[in-house]
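# Summary of structural features
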Amino acid sequence: MKALVTGATSGIGKAIAMNLNRRGWDLILTGRNIKILEKLKKSFDGDTEIIVADLSERKEVFRVYDFCKDKNIDLLVNNAGYGIFGKFHETDLNDELSMIDLNITALHILTKLFLRDFRKRDSGYILNVASVAGFMTGALMSSYYASKNYVIRLSSAIYEELRREKSNVKITVLCPGPVNTNFNNRAGVNFSVKPITAKYTAEYGLKRLFQGRFFAIPSMSTKLCAVGQRFVPERILSAIVYNVQKAKL
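Below or above, wherever it landed, is the structure these notes cover. Per chain, residues are indexed from 1 in the order of the written sequence. Confidence filtering applies because this is a predicted model: local features only for residues at pLDDT of at least 70, side-chain atom pairs given and counted only at 80 or more, and all residues used for totals across whole chains, interfaces and linings. The side-chain quantities take in all heavy atoms of the structure and omit both hydrogens and water.

## Quick word on the packing of aromatic side chains
Whether two aromatic rings pair depends on their centres lying within 6.5 Å, for rings of Phe, Tyr and Trp, where Trp uses its six-membered ring; planes under 30 degrees apart make the pair stacked, over 60 edge-to-face, and the rest tilted. Summed over all chains, the structure comprises nine aromatic pairs. Seen from their ring centres, Tyr-65 and Phe-114 are 5.1 Å apart, and the 80° between their planes marks the pair as edge-to-face. Residue Tyr-65 is found in helix α3 (residues 58-68), and its partner Phe-114 is found in helix α4 (residues 93-121); the two are separated by 49 residues along the sequence. An identical accessibility class is assigned to Tyr-65 and Phe-114; each is buried. Centroid distance Tyr-125 to Phe-210: 5.1 Å. Interplanar angle 90°. Geometry classified as edge-to-face. In this pair, Tyr-125 sits in strand β5 (residues 125-129) while Phe-210 sits in helix α7 (residues 198-210), placing the two residues 85 residues apart along the sequence. In this structure Phe-210 comes out as partly exposed when scored by relative accessible area, which is 27%. What counts as a helix is a DSSP run of H or I of at least four residues, what counts as a strand is a run of E of at least two, and both are numbered from the N terminus. The classification of residues rests on relative accessible area computed with a 1.4 Å probe and restricted to protein chains. Under 20% of the type maximum is buried, over 50% is exposed, and intermediate values are partly exposed.

Written out as structure tokens, the structure reads:
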């Protein structure tokens, strides 16, 4: 069995790669930091390949697919992504567009291309990493929340199409709350609640994936948040999220 893991150099992506390696999977790891990728490759058992790429660049996304397409990939893990904190009119436009290209466009392209391959042989797994933010509107992190909404809705539509076809291809969306990774440093915020570990998040996400479940929402508090938001009026929910985000400053 072989998996492609994007954003494999840190956080959830790295934890997923380590978990799969312990399970005996062969791996293709991608990220921007060649030193970390090489270190991971040396530390892993089995067959591990690396490809350095910046997936915020569309041509780099296609290059990664071309590198992998004849290698019999069984699992695609779309993990690469980051967030930007600040008022919408104040955040840097170029940084924001790069985030959208990474969080949405790269995931969209890889999901479509590998899904086509998986459907032809009627097997394969896709794990798309979203966030509990994907269930809500997120003032002060507006574009990030919107990007994770896209991931959830796209993945949900694909899940229903596969279900209707009685396909053996499985797709799961991983929606954690705060996780102890470099995400908050990249976004420029501090978590206002205690985060869970990347190791636990990876283990939970893969467990749900291999069980054929669509949603993987680790921790009870995050589940309650995901379910509870359905019963709160949008205006009130937006105000709550604003205050939660503001508390991170």
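## Topic: the packing of helix α1 (residues 11-22) against α7
Close contact between α1 and α7 brings their axes to 8 Å; oriented N to C, the two are set at 60°. Between α1 and α7, the angle is such that the two are oblique. In terms of crossing hand, the pair formed by α1 and α7 is right-handed. Taken together, the residues of α7 that come into contact with α1 (itself represented by Gly-11, Ile-12, Ala-15, Ile-16, Asn-19, Leu-20 and Arg-22) are Ala-198, Lys-199, Thr-201, Ala-202, Glu-203, Leu-206 and Phe-210. An axis is simply a line fitted to the C-alpha atoms; with a helix, the fit covers only the stretch in contact. Between two such axes, the angle follows the N-to-C directions and lies from 0 to 180 degrees. With respect to orientation, any angle under 35 degrees is reported as roughly parallel, any angle over 145 as roughly antiparallel, any angle of 65 to 115 as roughly perpendicular, and every other angle as oblique. What makes a crossing left-handed is the near helix being turned counterclockwise from the far one by less than a right angle; a clockwise turn instead makes it right-handed. We call two residues contacting when some pair of their heavy atoms lies within 4.5 Å.

## Quick notes on the side chain of Thr-9
Structurally, Thr-9 can be placed in the loop between β1 (2-6) and α1. Those residues within four positions of Thr-9 in sequence are excluded, and the remaining contacts are Lys-14, Gly-31, Asn-33, Ile-36, Leu-37 and Leu-40.

## Points about the sheet that holds strand β3 (residues 48-52)
Consider a sheet: its strands pair through backbone hydrogen bonds, and that pairing is either parallel or antiparallel. Pairing in this open sheet of seven strands is parallel, and the strands run β3-β2-β1-β4-β5-β6-β7 from one edge to the other. At either margin of the open sheet sits one strand with a lone partner, and together these are β3 and β7 (215-216). The sheet strands contacting α3 are β1, β2 (26-31) and β3, and the helix crosses β3 at an angle near 155°. DSSP-based pairing: two strands are paired if at least 2 bridges between them are found.

## Let's talk about the side chain of Thr-105
If you trace the backbone, Thr-105 turns up in helix α4. Taking relative accessible area as the criterion, Thr-105 reaches 18% and is therefore assigned buried. Residues contacting Thr-105, with those up to four places away along its chain left out, are Arg-58 and Ile-100.

## What to know about the pairing of strand β6 (residues 170-174)
Counting buried positions along β6 gives four out of five residues, so the element sits mostly inside the fold. In terms of strand pairing, β5 meets β6 through five bridges, oriented parallel. The residue of β6 that forms the bridge with Asn-128 is Val-173. A clockwise course of the path from the first strand over the helix to the second, judged with the strands pointing away from the viewer, identifies a crossover as right-handed. This β-α-β element, β5 to helix α5 (residues 142-165) to β6, shows right-handed connectivity. One ladder, built from two bridges, connects β6 with β7; its direction is parallel. Looking at the pairing, Val-173 lines up with Phe-215 of β7.

## Observations concerning unusual backbone geometry
Positive phi outside glycine occurs at Asn-72, with the angle close to 55°. Within the secondary structure, Asn-72 is located in the loop between α3 and β4 (75-78). Residue classification places Asn-72 among the exposed residues on the basis of a relative accessible area of 57%.

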